[in-house]
Amino acid sequence: MTAIKAQEVVRSTCPYCGVGCQVDLFIKDEKIFKVEAPFEVAPNFGRLCVKGRFGFDFVHHPSRLTRPLIRKNIGESPRKAVGMEGFRPASWEEALELAAEKLSAVAQQHGGDAIGTFCSAKASNEDNYLFQKFVRGVLKTNNVDHCARLCHAASVAGLTIAIGSSAMSNSIAEMKNLEVFIVTGSNTSETHPVISTFLREAVVKNGAKLIVIDPRGIEMTQYATHWLQQKSGTDVAVFQAMAHTIVTEKLYNASFVEQRVENFETYSASLEGCTPEWAEKISGVPAEKIRDAARLYANAGSAAIYWGMGISQSVHGTDNAISLANLALLCGHLGRPGTGLNPLRGQNNVQGCSDSGGLPNVFPGYQSVTDPGTRNKFEAAWHGELNPDAGLTTMEMVDAAEADSIKAFFIMGENPMMSEPDLRHARHVMESLEFVLVQDIFFNETGEYADIIFPAASFAEKDGTFTNSDRRVQLIRPAVPAPGEARPDWEILCDLAKRVEKKIGGPHSAGFEFTSPAEVWDEMAGLTPPFQGITHDRILLEHGVHWPCPTPDHPGTPYLFEESFPSGKGHLTPLEYNPSAELPDDQYPFMLSTGRVLYHWHGGTLTRRSKLDDIYPNPTVEIHPQDAEKLGVTAGEWIKLRSRRGEIRVKSLVTERSPVGMVFIPFHFAEAAANELTLDARDPKAKIPDYKVCAVSVEKI
Amino acid sequence: MSNNGNTINITINGNTLSVPTGITLMEAIALAQEDVPVICYHEATTSEGLCRQCVVEVEGWRILAPACITPVSEGMVLETDSERVTRARRTILEMLAATTDLSHAPDLQAQMHTYNADPHRFPDAVARAPDLVDDNPFFVRDYAKCVMCWRCVQACGEDLQFTYALSTGGRGYHSKISTFFDSPMPETTCVFCGNCVAVCPTDALRSKTELLMEQGLDYDQIRYKKRKAQKDLDAGGRTQ
């Protein structure tokens, strides 16, 4: 038998995590049969993980949405979740017209603010730009948000307070040359597998010293010089104690602090009492280990910090991020290669979705909607008045729907019915809405509540750009045709917007006549100074460009803050340690943490429809052997987890990865959704829910 | 390519040129816009000089020099295509063809043609024909096609992935690439990144989807086959 010959090889960007690996899709008979990666191109230089190399079969899954769908009993209240059988196929004409009619009716009766919208960290920059342009420019509301709220909102809030910018400060390409680095709240080898290979390379080949600060014995601990195993939710105490060591032992970078940092006196005074011994009592990390880690970090020539959801998905997520920023500011580990504050972004385009204005308080490029000058610029470009008030965040929209001030949802490429905390509550809210419009590539848990569903093209079927975790804007390209009548998001949005404008619009259209995503990008870049030097053609030539890139001859910016911070001086912020919202008690004696595994992706919409599901088919719970023995639980046994909110059945995975008294479950499995258990307690500043700490009981079935 | 700013002169196929010190013969040959064939060499993995297909003749040297790992030195005179070199390359290809299934190695087939290699020159050679190893959902291992280039071992180890699931085992004719204790892939440290599959020059490692599509199955049939296999497994009493 001879080898299959590719009829076409198409360069694109991996649709899974925020690393943004460049991939070559090998196509035969309109199917992807193989995926490779170019060895000479950043950010992955030929490396891929199992999802990127073998997980693209979801594109060809028979359950892809291929026709617009309309709920058979549309208008019936309360709305109940229905399967595909509750929908009838419709023409694009009918579905678009009906959706436009419903949205217009809500906007005209109750005002645009009665509509809540979710754009997508999985869709392209161009899709998201058009989405928020439609929402802001036509529906006249700023109620637009996306799942970044549920992942790095706290990192954004914390870093904004500390330095005035929230993106990952340094690039992936710098990683293999690191000297000292901290990984905290990130199971990097499973959540950002390709980044973890560069971090391991730094340790193995460059002799870098790694400090892991994490409650779980994740794989990265095997490469660590120091592993600080804190109790869940006690991060601030550990970081404060590190700062205490750095200040009392005078290990900080005095000239950096003097030139580029403010509030040092107040801050250092606030650390009194935050001794490593104090932190040991709270976190369980031996004081000497905290001192050693602080000395290693502070004394390094350059040192970087990488973190993930373990830091941000917490009721004190903002404080966590601030406490990390405090360390970097004290030691001057910012603005040089191999340093920085680096929140690792979870989704392929979560950076880009935020950059493109998918947030309730900012236009593209983080330009404030409440700033009159900025608003004037966008009003002139979009030919109409804009709403001057910031909109609601994802969970605030759910709350507003419950309070009946939001009547309709428009959800593009997100699955809030898997990703929101406390799902029972969220379901109740979905039932009470007047109208729900969903646009997706699959029918998922959120689609069950839709009135109308638009079938969208996947990443492999359209043009556009994704922006990865290190702010690198990269291209996706059409490699295979979209199934059935599915269409690219940007096209659907333009058609919908034009129809809604006809019904409620003013004298001038905001502008939805585009012939390609490249044109959409150009319009956004024209309004967004950090993107002005980037075009699709330039990305094609250079494989990717790191923003900020203000002019065509600007090379792009792999690492930020060389000269100054967006806020001028970096700000050291005093903090107080507070315990978590819900802690184990007699009735619910285990601490529950949630997260991800290598073989699955977020709500599982993609990976559960891939051969990735073959190797990890069941929902699991990590439980320590001592706890398992006490409860009489054997490895592989199905057991029940119960919290005050709900219960799920999962298969036990008896392992020392999770410490005694703690259990860990991945959140990918709809049949055992982790968020049935989690609580809706939020960080007061970032409004991010705490997915990492709640109390559960473990019971044999 | 390391370069402390110094250059040296070498002669390649009669042309003298100045090249940076510290580079390999292969890099120098590329600078001279000449070419050598390779089997085990890959841009992303460490060169070990295993296959000897990139050998060149160096004036005054008793043996042929593997270009991928030999550093340049002042005054070297190279022949990249001499009779001695082509004979060596032809013999390597003939020995490989006698023992290994090269049907999925278009580059090696092209080399066979270029060097006029006779695949039947060693009629008494015993071809290696171990069973195809199909032990995971993502890729198969067909060691009948393996030319022992070590690229996969290096990709799994310290050239790309730092996972160390693959290693070399056995001696001489029985030497082979395997996992520790020959364990099935899911029982090793393997994370199925497939970086080994990407660097394999002969399809000894290859994506299962690609293999099944080559057998004429489409995506839906592959899924059906998988579900059926799972059902049979479950019916056989193995619990999930």
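Model, not experiment: these values are computed from the prediction.

Parameters at a glance
- Residues numbered from 1 in each chain as written.
- Chains lettered and ligands numbered in written order.
- Predicted model: local features only at pLDDT ≥ 70, side-chain atom pairs only at ≥ 80, totals over all residues.
- Helix = DSSP H or I, 4+ residues; strand = E, 2+ residues; numbered from the N terminus.
- Buried ≥ 20, exposed ≤ 12 C-beta atoms within 10 Å, placed from the backbone.
- Contact = placed C-beta atoms within 7 Å.
- Nonpolar A, V, L, I, M, F, W, Y, C, P; charged D, E, K, R; others polar.
- Domains from an automatic or database assignment.
- Pairing = 2+ DSSP bridges.
- Axes fitted to C-alpha atoms, helices over the stretch in contact; angles between N-to-C directions.
- pLDDT = per-residue confidence, 0-100.
- Parallel < 35°, antiparallel > 145°, perpendicular 65-115°, else oblique.
- Left-handed = near helix turned anticlockwise from the far one by under 90°.

(A) Layout of the overall build of chain A. Scanning chain A from terminus to terminus reveals 24 helices and 28 strands. With the C-alpha coordinates aligned to their principal axes, the bounding extent of chain A is approximately 70 × 65 × 65 Å. Burial statistics for chain A: of 701 residues in total, 62% are counted as buried. For chain A, restricting intrachain contacts to residue pairs at least 6 apart in sequence, the fraction spanning at least 24 positions comes to 75%.

(B) A look at the overall build of chain B. Along chain B, the regular secondary structure elements total seven helices and nine strands. Taken over the C-alpha atoms alone, chain B extends approximately 70 × 45 × 35 Å along its principal axes. When burial is assessed residue by residue, chain B has 40% of its 240 residues classed as buried. Across chain B, every contact between residues at least 6 apart in sequence was considered, and the portion connecting residues at least 24 apart equals 57%.

(C) Broad picture of the interface of chain B and chain A. The interface is formed by 27 residues belonging to chain B together with 31 residues belonging to chain A. When residues in the side of chain B that touches chain A are grouped by element, the largest group, four residues, is from helix α6 (residues 208–214) of chain B. Considered class by class, the residues forming the side of chain B that touches chain A number twelve nonpolar, eight polar and seven charged.

(D) Fine view of the domain arrangement of chain B. All names here are of chain B. Assigned domains of chain B: these are domain 1 (7–81) and domain 2 (139–207). Counting residues at the interface gives nine residues for domain 1 and ten residues for domain 2. Broken down by class, the residue content of the side of domain 1 that touches domain 2 amounts to five nonpolar, three polar and one charged.

(E) Structural view of the sheet that holds strand β10 (residues 226–228) of chain A. Residue and element names in this part refer to chain A. Strand order in the open sheet formed by five strands is β10-β9-β8-β12-β13, with parallel pairing between adjacent strands. The open sheet has two edge strands, β10 and β13 (340–343), and neither has a second partner. Strand-to-strand twist in this sheet, taken as the mean axis angle between neighbours without regard to direction, amounts to 15°. Bridging between strand β8 (residues 180–184) and strand β9 (residues 209–213) involves five bridges; their strand directions are parallel. Paired with Val-183 across the two strands is Val-212, which belongs to β9.

(F) Looking closely at unusual backbone geometry. In this model, Ala-42 of chain A is joined to Pro-43 of chain A through a cis peptide bond whose omega is 0°. One can find Pro-43 of chain A in the loop between β3 (31–36) and α1 (50–54). Each neighbour pair has its own omega, and for Ser-77 of chain A with Pro-78 of chain A the value is -5°, a cis peptide bond. With respect to the helices and strands, the residue Pro-78 of chain A is situated in the loop between β4 (69–71) and β5 (87–89). At His-543 of chain A, a residue that is not glycine, the phi angle is positive and equals roughly 70°. Note on placement: His-543 of chain A falls in the loop between α22 (536–542) and β21 (545–546). Phi at Arg-52 of chain B is positive, roughly 65°, even though this residue is not glycine. Summarising the element assignment, Arg-52 of chain B is placed in the loop between α1 (25–31) and β3 (55–58). Residue classification places Arg-52 of chain B among the partly exposed residues on the basis of 18 C-beta atoms within 10 Å.

(G) Local environment of the sheet that holds β3 of chain B. Residue and element names in this part refer to chain B. Taking strand neighbours across the sheet as the criterion, the five strands line up as β2-β1-β5-β3-β4 in an open arrangement whose pairing is mixed. The sheet terminates laterally at β2 (15–20) and β4 (65–66), the two strands that pair on one side only. In this fold helix α2 (residues 83–99) packs onto β3 and β5 (77–79), with an angle of close to 155° to the strand it touches most, β3.

(H) Here's a closer look at the pairing of strand β12 (residues 303–307) of chain A. All names here are of chain A. When you tally the buried positions in β12, you get five out of five residues, the bulk of the element. Where β8 and β12 come together, five bridges link them in parallel fashion. Pairing of Val-183 across the sheet is with Tyr-306, part of β12. For β12 and β13, the ladder comprises four bridges, and the chain directions are parallel. Across the sheet, residue Tyr-306 finds its bridge partner in β13, namely Asn-342.

(I) Region of the structure containing the domain arrangement of chain A. Residue and element names in this part refer to chain A. Along its sequence, chain A is organised into domain 1 (8–60), domain 2 (69–80 + 89–148 + 350–543), domain 3 (153–344) and domain 4 (590–700). Each partner contributes residues to the interface: domain 1 has ten residues there, and domain 3 has nine residues. Within the side of domain 1 that touches domain 3, the residues separate by chemical class into seven nonpolar, two polar and one charged.

(J) Just the confidence of the model for chain B, in detail. Residue and element names in this part refer to chain B. Summarising the model, chain B shows a mean pLDDT of 91, and 91% of its residues fall at 70 or more. Across residues 236–240, confidence stays below pLDDT 50; counting only partners more than four residues off in sequence or on other chains, it has four contacts. For this predicted complex, the interface score ipTM comes out at 0.93, alongside a pTM of 0.94.

(K) Geometry of helix α4 (residues 151–159) of chain B. All names here are of chain B. Within α4, eight of the nine residues are buried, which leaves the element mostly enclosed by the surrounding structure. Restricting attention to buried positions, one finds in α4 the residues Arg-151, Cys-152, Val-153, Gln-154, Ala-155, Cys-156, Gly-157 and Asp-159. For α4, the secondary structure elements touched by its buried residues are β7 (166–169), β8 (176–179), α5 (195–199) and β9 (205–207).

(L) Just the packing of helix α17 (residues 394–402) of chain A against helix α19 (residues 423–432) of chain A, in detail. All names here are of chain A. Where α17 meets α19, the axes come as close as 9 Å, and the angle between the chain directions of the two elements is 55°. Our classification of the angle between α17 and α19 gives oblique. Between α17 and α19 lies a crossing of left-handed hand. Here Val-398, Ala-401 and Glu-402 of α17 lie close against α19, whose contacting residues are Ala-426, Val-429 and Ser-432. Residues that form the contact of α17 with α19 fall into these classes: four nonpolar, one polar and one charged.

(M) The arrangement of the pairing of strand β16 (residues 408–412) of chain A in detail. Residues and elements named next belong to chain A. Within β16, five of the five residues are buried, leaving the element largely enclosed by the surrounding structure. Because side chains alternate across β16, one face comprises the buried residues Ala-408, Phe-410 and Met-412, and the other comprises Phe-409 and Ile-411, equally buried. Here strand β6 (residues 115–118) pairs with β16 via four bridges, running parallel. Residue pairing in the sheet places Ile-115 in a bridge with Ala-408 of β16. Two elements, β16 and strand β17 (residues 435–440), share five bridges in a ladder whose sense is parallel.

(N) Local environment of the environment of Lys-407 of chain A. Residue and element names in this part refer to chain A. Relative to the elements of secondary structure, Lys-407 occurs in the loop between α17 and β16. In sequence terms Lys-407 and Ala-107 are 300 residues apart; their C-alpha atoms lie 9.4 Å from each other. If sequence neighbours within four positions are ignored, Lys-407 has contacts with Val-106, His-110, Ala-114, Leu-433, Glu-434 and Phe-435.

(O) Looking closely at the packing of helix α5 (residues 153–162) of chain A against helix α14 (residues 317–331) of chain A. All names here are of chain A. At a minimum axis separation of 7 Å, α5 and α14 run at an interaxial angle of 40°. Between α5 and α14, the angle falls in the class oblique. You can see that α5 and α14 cross each other, and the crossing is right-handed. Along its contact with α5, which presents Ala-154, Ser-155, Ala-157, Gly-158, Leu-159, Ile-161 and Ala-162, the element α14 presents Gly-317, Thr-318, Asn-320, Ala-321, Ile-322, Ala-325 and Leu-329. Considered class by class, the residues forming the contact of α5 with α14 number nine nonpolar, five polar and no charged.

(P) The arrangement of the environment of Ser-354 of chain A in detail. Residue and element names in this part refer to chain A. Structurally, Ser-354 is set in helix α15 (residues 350–355). For the pair formed by Ser-354 and Pro-416, sequence separation is 62 residues and the distance between their alpha carbons is 17 Å. Beyond its immediate sequence surroundings of up to four residues, Ser-354 is in contact with Ala-148 and Leu-359.

(Q) Structural view of the environment of Glu-272 of chain A. Residue and element names in this part refer to chain A. Tracing the backbone shows Glu-272 in the loop between α10 (264–270) and α11 (276–283). The exposure class assigned to Glu-272 is exposed, which follows from the 10 C-beta atoms found within 10 Å. It is 7.5 Å that separates the C-alpha atoms of Glu-272 and His-244, two residues lying 28 residues apart in sequence.

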